[in-house]
Amino acid sequence: MIAPSAAHADDCNALFTSIADGIATNGFSIIPAALPADLSQLLATHIATMPTSHFKRAGIGRGAEHSINDVVRTDTISWINRDDAAGKAWLDWTQSLQLFLNRTLFLGLFSFESHFAHYAKGDFYKKHKDAFVGEGNRILSVVVYLNQYWSKDDGGELVLYVNQQSTSAGKDDHVISVTPGFGTVVVFLSEQFPHEVLAARRDRFSIAGWFRLSDGVSSNIEPLIER
Ligand SMILES: O=C(O)CCC(=O)C(=O)O
Ligand SMILES: [Fe+2]
């Protein structure tokens, strides 16, 4: 019989392998109900019991250009650190993923930043990229969802535009619509895929994070709007 911790490590290895395969083949990976169940549960309980005052309106742009923009995004966020068990468990998991991806894909991921996000009913985030070629140091975006029993009628899909590079006439953007169901893990190359969050019809909870290359910037940088 396999000890629980060994079984857990095997599960993570299988998941990390699938994520790496998706990135290597398509530049993105979408796997429903994939986050380890105990971690999903810990994070969902944590986010549900966090005081509302911990969540701040999310902005766009960086540094002096940072601003709150009601037309672009209306969600609230709370940056994640190692101060509590849930934050620690999440950052341990993303660290394992980082090591695995560096070993298998040689991505040179150096650091990671992430926040909880709460989209209340009607909240959205318009089409944007998380990084721009040559401008940012965000390499890989990671999103996980913490919503139990999400149905199609609840809206709040993540829409990924996966065929933006195509300029051939008549070829529409290929879009992939992701239901933000419990434990679904989405990973994609930050510079490559514009995406948006459609308005949800009920509270929508998630974590969004970014693996970065080193550039000495220590503060959290919020995503950029597509120009
Ligand atoms: O919650 C999502 O589905 C994606 C969020 C997002 O695109 C972002 O925070 O940059
Ligand atoms: Fe984004």
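Residues numbered from 1 in each chain as written. Chains lettered and ligands numbered in written order. Predicted model: local features only at pLDDT ≥ 70, side-chain atom pairs only at ≥ 80, totals over all residues. Heavy atoms only, no water.

### Focus: the nonpolar core
- The biggest cluster of nonpolar side chains holds 54 residues, and the ones touching the most others in it are Leu43, Trp90, Trp93 and Leu140.
- The set of elements that each furnish at least two residues to this core consists of helix H1 (4–26), helix H2 (37–49), helix H3 (85–105), strand S4 (111–119), strand S6 (138–145), strand S7 (158–161), strand S9 (185–189) and strand S11 (204–212).
- No other element matches H3, which puts 7 residues into this core.
- Beyond its immediate stretch of four places on either side in the chain, Trp93 contacts Cys12, Leu15, Phe16, Leu35, Pro36, Leu39 and Val185. (Core = buried A, V, L, I, M, F, W, Y, C linked by side-chain atoms within 4.5 Å. Buried < 20%, exposed > 50% of the residue type's maximum accessible area, 1.4 Å probe, protein only. Helix = DSSP H or I, 4+ residues; strand = E, 2+ residues; numbered from the N terminus. Contact = heavy atoms within 4.5 Å.)

### Some words on the sheet that holds strand S1 (residues 28–31)
- Reading across from one edge, S1-S9-S6-S11-S4-S3-S2 is the order of the 7 strands in this open sheet, with antiparallel pairing throughout. Looking at which strands have only one partner, the edges of the open sheet turn out to be S1 and strand S2 (56–57).
- Running at roughly 55° to S4, H2 makes contact with S4 and S11 of the sheet.
- Set on the sheet, H3 makes contact with S4, S6, S9 and S11; between it and S4 the angle comes to about 130°. (Pairing = 2+ DSSP bridges. Axes fitted to C-alpha atoms, helices over the stretch in contact; angles between N-to-C directions.)

### Thoughts on unusual backbone geometry
- Residues other than glycine seldom take positive phi values, yet Ala33 does so here, at roughly 45°.
- Here Ala33 is to be found in the loop between S1 and H2.
- Looking at Ala33, the relative accessible area reads 59%, which means it is exposed.
- Of note, Tyr149 is a non-glycine position whose phi angle comes to about 55°, a positive value.
- Looking at where Tyr149 falls in the secondary structure, it is placed in the loop between S6 and S7.

### Description of the pairing of S11
- Of all 9 residues in S11, 9 are buried, a share of seventy percent or more.
- Residues Arg204, Ser206, Ala208, Trp210 and Arg212 of S11 are buried on one face, and the alternating residues Phe205, Ile207, Gly209 and Phe211, pointing to the opposite face, are buried as well.
- Taken together, the 9 bridges between S4 and S11 define a ladder with antiparallel strand orientation. Its bridge partner being in S11, Ser114 is matched across the sheet by Gly209.
- One ladder, built from 7 bridges, connects S6 with S11; its direction is antiparallel. In the sheet register, Tyr145 faces S11, and the bridge partner there is Ser206.

### Here we look at the side chain of Ser190
- Inspection of the secondary structure assignment puts Ser190 in the loop between S9 and strand S10 (195–197).
- Take Ser190: its relative accessible area is 0%, and that puts it in the buried class.
- Engagement of the side chain of Ser190 in a polar contact is seen with the side chain of Ser141, the distance being 2.9 Å.
- Apart from the residues within four sequence positions on either side, Ser190 is in contact with Lys129, Asp130, Ala131, Arg138, Ile139, Leu140, Ser141 and Trp210. (Polar contact = N/O pair within 3.5 Å; in protein donor to acceptor, adjacent residues only side chain to side chain.)

### A closer look at the packing of aromatic side chains
- Throughout the structure, instances matching the rule amount to 7 aromatic pairs.
- Seen in terms of ring centroids, Trp79 and Trp210 are 6.4 Å apart; in terms of plane orientation they differ by 50°. Their pairing is tilted. Here Trp79 is found in strand S3 (residues 76–79), whereas its partner Trp210 is found in strand S11, with 131 residues between them in sequence.
- Residue Trp79 is classed as partly exposed on the basis of its relative accessible area of 25%.
- The class of Trp210 is buried, set by a relative accessible area of 3%.
- Look at Phe112 and Phe211: their rings are 4.5 Å apart centre to centre, the planes differ by 40°, and that puts the pair in the tilted class. Linking Phe112 in strand S4 with Phe211 in strand S11, this pair joins segments that are 99 residues apart in sequence. With respect to class, Phe112 is no different from Phe211; both count as buried.
- Over the aromatic face of Tyr161 sits the side chain of Lys127, whose NZ or CZ is 4.2 Å from the ring centroid. (Phe/Tyr/Trp six-rings, centres within 6.5 Å; stacked < 30°, edge-to-face > 60°. Lys NZ or Arg CZ within 6 Å of the ring centre and 35° of its normal.)

Bear in mind that shape data such as this cannot, by itself, settle questions of function.
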